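Okay, here's what each chain looks like letter by letter:
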Amino acid sequence: MIEEELDKPRCHCAVFGVFGHPSAAQMAYYGLLAQQHRGQEGSGMVTAEFDQDAGKFRFHTHKAFGLVDDVYKAEGVLTDLLRGDRGIGHNRYSTAGASNNKANVQPFTVLYKSGNIAIAHNGNLTNFRAIRKKLQDEGTIFQTTSDTEVILHLIARSKQKEQIDQIRDALSQIRGAFSLVILTEKSLIAARDHSGFRPLALGKKGNAFVVASETVGFDIIDAEYIRDVQPGEIVVIDEKSQKTGEVTSLRIDDRPPAPHHCIFEFIYFSRPDSQIFGHSVDKVRRRLGKNLANSRPVVPKDPNSKVVVINVPDSSNTATMGYVQQTIKNGGNAKLEIGLIRSHYVGRTFIQPSQDVRENKVKTKFNTVKGVLRDKVVVIVDDSIVRGTTSKQLVQLVRQAGAKEVHFRVTAPPIMFPCHYGMDFPTQSELIANQCGGDIQKIGEELGVDSVGYLSIDDMLASAPHEGGENYCTACFSGKYPVPIDANQTKEENEA
Ligand code: SF4
């Protein structure tokens, strides 16, 4: 699935880390493969191997543009090149401007006074411009345009003696969203910002430890999920951990955790078979659908009509089931049908910014099952509307298939604001909800539907787990940003 063409937000990345497995590169490969949805522009991996002759660790790196399958397919890449029992990997998505710069593909590696170090990052830093300028003024030369590189420079320039203190020193200076895996010569380190915007899970496979953005990265290699890396926590995994089965847990600094998990991970981004923030994505998506059915039921113009509810495959599948189940429970008229078929074989094409092209492309990805939709009142359930281009085209397709009424229901509130914490939306002026000034009726007119209904922010929050004191970021819906954005930092710079 190419989110750009499907008018969905895109996440900036997936990370994976492994320590203490003889086939570390293969483990990381599968972990990245399972997390392909989090980044499709490029992938990279760094492993560490102890060179007996030289008496020191050597880092091996492989990274390229393309999907995981393509990046590591050359014979010997995973077995002969990426040697060692520990490594980190990264799937990347980037904006078009930076996507042609191979240097921006992570992990980034540097050899400095404390040895080799590699880093992979999911999220966006909100103060990187100021740090970068300060470092540049002091003579630091940057190899990439990525915000992640400032972290490496801060570590390398730290005055602390111990490497872990250098890392803590660096992480205490950065703000915004970061779920990190760091490979040093002696350890695998996982760290998460104080808000815990992006997910980061810790797992085990035998004596080996693994870290992944989503637990689907563990399932594929039969690793066991242990727990999340907590907001503001640094987890250190080393050879002692392998012997004792225990990791070392440290705080980045004295600031207490202030959780603001990205609620969009539940709504759209994470896979439904993942556990994120300690909870099942599938369960939350069903609740989003149920709460939508309670708050935004469809009232057909003709009460005797047959109402079919269809999902927009694949991301709204689970929420649609919740919607139908609850509608029926409420005594409503609804039948779950598969009315839209998505082609899984449409090849990857490069982003073409023209609106016309984008609209036409929807037809290459979706087709309707005419017999299911003809003469029916059709309710389309989707997880989000960004520009509205795909939604509009889908509505047209459903009407062309003979539906007599088309209603649209969305398991999220209207997206009105940009994200500065690692999810990419188009510019604010391109968001349909923003264009319509948040006027739902106007959005419905734009989409060409008989009615449209969004989940409210309160109902969205009520669908997410809170029993462990969880708290969520809702900034793209509410405009309330839990971590301030550097005044001089534009969204584009944040994503470069
Ligand atoms: S602004 Fe939206 S997409 Fe970004 S972290 Fe917050 S909830 Fe997630």
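Notes on the structure in this doc start here.

Cut-off values and rules
- Residues numbered from 1 in each chain as written.
- Predicted model: local features only at pLDDT ≥ 70, side-chain atom pairs only at ≥ 80, totals over all residues.
- Heavy atoms only, no water.
- Helix = DSSP H or I, 4+ residues; strand = E, 2+ residues; numbered from the N terminus.
- Rg over C-alpha atoms; globule rule 2.2 N^0.38 Å.
- Buried < 20%, exposed > 50% of the residue type's maximum accessible area, 1.4 Å probe, protein only.
- Contact = heavy atoms within 4.5 Å.
- Areas by Shrake-Rupley, 256 points an atom, 1.4 Å probe, with all protein chains shown as cover.
- Lys, Arg positive; Asp, Glu negative; His and termini not counted.
- Charge placed at Lys NZ, Arg CZ, Asp CG, Glu CD.
- Salt bridge = Lys/Arg side-chain N within 4 Å of Asp/Glu carboxyl O.
- Phe/Tyr/Trp six-rings, centres within 6.5 Å; stacked < 30°, edge-to-face > 60°.
- Lys NZ or Arg CZ within 6 Å of the ring centre and 35° of its normal.
- Near = heavy atom within 4 Å.
- Pairing = 2+ DSSP bridges.
- Axes fitted to C-alpha atoms, helices over the stretch in contact; angles between N-to-C directions.

## A word on the overall build of the protein chain
Counting its secondary structure elements, the protein chain contains 20 helices and 26 strands. Rg of the C-alpha trace for the protein chain: 23 Å, near the compact-globule value of 23 Å for 496 residues, within the 12% margin. With the principal axes as the frame, the protein chain shows a C-alpha extent of 80 × 45 × 45 Å. Counting every position in the protein chain, which comprises 496 residues, the buried fraction comes to 59%. Partitioning the contacts of the protein chain with sequence separation of at least 6, the portion at a separation of at least 24 is 72%. When the accessible surface of the protein chain is summed, it comes to about 19,400 Å², and 50% of that surface belongs to carbon and sulfur atoms. Averaging the locations of the 59 positively and 59 negatively charged side chains of the protein chain gives two centres separated by 2 Å.

## With respect to the pattern of salt bridges
Enumeration according to the criterion identifies 22 salt bridges in this entry. A salt bridge links Glu239 to Arg86, with the shortest nitrogen-to-oxygen separation between them at 2.9 Å. In this pair, Glu239 is assigned in helix H9 (residues 239-244) and Arg86 in strand E5 (residues 86-92), connecting sequence segments 153 residues apart. Residue classification places Glu239 among the partly exposed positions, given a relative accessible area of 43%. You can call Arg86 buried: its relative accessible area is 2%. A salt bridge links Lys335 to Glu337, with the shortest nitrogen-to-oxygen separation between them at 3.0 Å. The class for Lys335 is partly exposed, based on a relative accessible area of 48%. On the accessibility criterion, Glu337 (19% relative accessible area) is buried. One continuous salt-bridge network, built from bridges that share partners, spans Arg38, Arg198, Glu214 and Glu265.

## Notes on the packing of aromatic side chains
Applying the stated criterion across every chain, the model contains 10 aromatic pairs. Here Tyr29 and Tyr30 contribute two aromatic rings whose centre-to-centre distance is 5.1 Å and whose plane-to-plane angle is 70°, an arrangement assigned as edge-to-face. Residue Tyr29 is classed as buried on the basis of its relative accessible area of 11%. Taken together through their ring pairs, the aromatic side chains of Tyr29, Tyr30 and Tyr72 make up a single cluster. One cation-aromatic arrangement involves Arg132 over Phe142; the distance from NZ or CZ to the ring centre is 4.4 Å.

## Some remarks on the site of the ligand
As a matter of local geometry, the ligand sits amid Arg198, Cys262, Ile263, Phe264, Cys419, Tyr421, Met423, Cys473, Ala475 and Cys476. Elements supplying a minimum of two residues to the shell around the ligand: helix H10 (263-269) and helix H19 (475-478).

## Quick notes on the sheet that holds strand E25 (residues 451-454)
Here five strands make up an open sheet; going across it, the order is E19-E18-E22-E23-E25 and the pairing parallel. Every other strand in the sheet has two partners, leaving strand E19 (335-337) and E25 as the edge strands with one partner each. If you compare each strand with its neighbour and ignore which way they point, the axes differ by 25° on average. Where strand E18 (residues 307-311) lies against E19, three bridges are found, and the strand directions are parallel. From the neighbouring strand, Ile310 faces E19, where its bridge partner is Glu337. Each of E18, E19, strand E22 (377-382) and strand E23 (405-410) touches helix H12 (residues 317-329); the most contacted strand, E18, lies at about 155° to it.

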